[in-house]
Amino acid sequence: MAVHARTSSRPTEGVAHVATQLSHWPALALKRTRRGIGFRPEGREIVRMRGDHTAELLLTTGVIDRWARVLTDCRRVVPGSGDGWVSMAIDGRADAELFLSLVSVAIKANQDGPGQA
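Below you will find a few notes about this structure. For every chain, the first residue of the written sequence is number 1, and numbering continues from 1 along that sequence. Restriction of local features to residues with pLDDT of at least 70 applies here, the model being predicted, together with a cutoff of 80 or more for giving and counting side-chain atom pairs; totals for whole chains, interfaces and linings are based on all residues. Computation of side-chain values: all heavy atoms of the structure, hydrogens and water removed.

### Topic: unusual backbone geometry
This is how the line gets drawn: Secondary structure elements follow DSSP: runs of H or I of four or more residues count as helices, runs of E of two or more count as strands, with numbering from the N terminus. Classification of residues uses two cut-offs on accessible area relative to the type maximum, computed with a 1.4 Å probe and protein chains only: under 20% is buried, over 50% is exposed, and between them is partly exposed.
Residue T60 is not a glycine yet carries a positive backbone phi of 85°. Inspection of the secondary structure puts T60 in the loop between β4 (54–58) and α2 (61–66). We classify T60 as buried; its relative accessible area is 2%.

This is the structure:
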């Protein structure tokens, strides 16, 4: 399934590239909304993509608390729109790879229950 997002002159490793990659992950289901697209493992949305270059991820408060220093030091991940959510600009290959890695962590964290992983 191809996932299309609006694109600009930025590199192809942005949100559209990440969305395409995530659409092939068997643990995630794609959900289109009025505001963009999301991905869910077993019903609970953990990825939100509403624009060309920024995505949100339900990393959980437990993971955020344990990884606070690492997440702060990387300067790419910032607090998201609610508890347990982070936001990240995806502007190139390194950002895309980091975000995809964090999605793997979020899948595990949300399987264990919010704040458990």
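From this point on, the discussion continues.
### Looking at the sheet that holds strand β5 (residues 77–79)
Quick note on the threshold: At least two bridges found by DSSP between two strands are what make those strands a pair. Between N-to-C directions, angles cover 0 to 180 degrees, with each direction set by a line fitted to C-alpha atoms, over the stretch in contact for helices. Residues are treated as being in contact if the distance between any of their heavy atoms lies within 4.5 Å.
Overall, antiparallel pairing links the 6 strands, which are arranged β1-β2-β3-β4-β6-β5 in an open sheet. Here the strands that pair on one side only, and so sit at the sheet edges, are β1 (29–33) and β5. Adjacent strand axes in the sheet meet at a mean angle of 25° when their direction is disregarded. Judged from the 3 bridges that link them, β5 and strand β6 (residues 85–89) form a sheet pairing that is antiparallel. In the strand pairing of β6, V77 is matched with M88. Here helix α1 (residues 15–22) sits on the sheet in contact with β2 (36–40), β3 (47–49) and β4, set at roughly 140° to β3. Lying over the sheet, helix α4 (residues 93–111) contacts β3, β4, β5 and β6, oriented at roughly 25° with respect to β4.

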